[in-house]
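Geometric and topological summary
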Amino acid sequence: MELDDAYANGAYIEGASDYPPRWAASAEDFRNSLHERARLDLPYGDGTRHRFDLFLPEEPPKGVFVFVHGGYWLNFDKSSWSHLAVGALAKGWAVAMPSYDLCPDATIAEITQQVAQAVQAIAQEVDGPIALAGHSAGGHLVARMLDRSVLPDDIGARIRTVVPISPLSDLRPLLRTSMNQKFGMTAEEAAAESPVEMQDRHAAEVTVWVGGSERPAFLDQAIWLVEAWEADHVIAFDKHHFNVIEPLADPDSDLVALITG
């Protein structure tokens, strides 16, 4: 399809195939290290993937940071990203990571509703402010959480910060990729699920974060959301689509400071 190459990431990242097993191994090691402070597979719905992991700091949490994984709504689950909780945990925040159904078993609109269910369940577990960040397709999903028709006002009012990392903010170009065979989106559905088209939003500070070495399509997707929402914009120098999330594991990083500050 016309835009397949534009939205291909791994083909342009050296050692791309090494990243997923490394993520999974680091995540498992981290979970094992937390012992009773890792509450795993908490349900937010009835499906087998409707589960989230909750990682707790040593002291009562200052709030909860929810990280939503990417993978083009087609790949991965919560188990590959646990180690990215290190930064926010060190700052005294609880960290939650949900899984969700994948396309074609669910539509992207259904996945949005599942993540909203997860955020509501997580909000019941931890008091205080909520920070949201998501990577790639996860960036789309956390942006969608600011839609007033997606989350109720009592939860939306608690969302302090949203950081879409290398997000997909306009889904209409994906209609011109072969991935849409699994997404099954029409033009109308793509527009309805595109954060750039969202008008009635919960109030929250939004910063769109993107790697400076990303594919041009992702640099475009980031700036489209910045312009549509008049959001802040950070271009992480020399980061590509796979390592742009690594600073989440560093308590001293600017990304963690933004999320927990």
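An account of the accompanying structure is given in this report. (Residues numbered from 1 in each chain as written. Predicted model: local features only at pLDDT ≥ 70, side-chain atom pairs only at ≥ 80, totals over all residues. Heavy atoms only, no water.)

Another point: the pairing of strand E6 (residues 159-165). By the criterion of burial, E6 is predominantly enclosed, with six of the seven residues buried. Where strand E5 (residues 130-135) meets E6, six bridges bridge the pair, whose relative direction is parallel. The residue of E6 that forms the bridge with Ala131 is Thr161. Bridging between E6 and strand E7 (residues 205-211) involves three bridges; their strand directions are parallel. Bridge pairing in E7 places Ile165 opposite Trp209. (Buried < 20%, exposed > 50% of the residue type's maximum accessible area, 1.4 Å probe, protein only. Helix = DSSP H or I, 4+ residues; strand = E, 2+ residues; numbered from the N terminus. Pairing = 2+ DSSP bridges.)

Now for the pattern of salt bridges. The tally for this structure, following the rule as stated, stands at twelve salt bridges. Where Arg215 meets Asp5, a salt bridge forms, and the shortest distance between an N and an O atom there is 3.2 Å. On the criterion of sequence distance, the pair formed by Arg215 in the loop between E7 and helix H8 (216-229) and Asp5 in the segment before helix H1 (19-34) is long-range, its members being 210 residues apart. By relative accessible area, which is 44% here, Asp5 ends up partly exposed. Here Arg148 ties to Asp153 by a salt bridge, and the two come within 3.2 Å at their closest N and O atoms. (Salt bridge = Lys/Arg side-chain N within 4 Å of Asp/Glu carboxyl O.)

Turning to the nonpolar core, a few remarks are in order. Of all hydrophobic cores here, the largest spans 60 residues; its most connected members are Tyr7, Trp73, Leu132, Leu168, Leu174 and Phe183. When residues of this core are assigned to their parent elements, the largest contribution, nine residues, is made by helix H3 (residues 108-125). If we skip the residues at most four places from it in the chain, Leu168 touches Tyr7, Tyr72, Trp73, Ser136, Ala137, His140, Leu174, Pro195, Phe218 and Gln221. Membership of the second largest hydrophobic core comes to 30 residues, among which are Ala38, Leu84, Ile165 and Leu248. (Core = buried A, V, L, I, M, F, W, Y, C linked by side-chain atoms within 4.5 Å. Contact = heavy atoms within 4.5 Å.)

The subject of this paragraph is the side chain of Thr260. In this structure, Thr260 sits in helix H9 (residues 254-260). Ignoring anything within four residues of it in the chain, the contact list for Thr260 reads Ala88, Lys91, Trp93 and Arg160.

Glancing now at unusual backbone geometry. Between Cys103 and Pro104 the backbone carries a cis peptide bond, its omega angle lying at 5°. A positive phi angle is found at Ser166, which is not glycine, with a value near 45°. By the element assignment, Ser166 lies in the loop between E6 and helix H6 (180-183). Residue classification places Ser166 among the buried residues on the basis of a relative accessible area of 0%.

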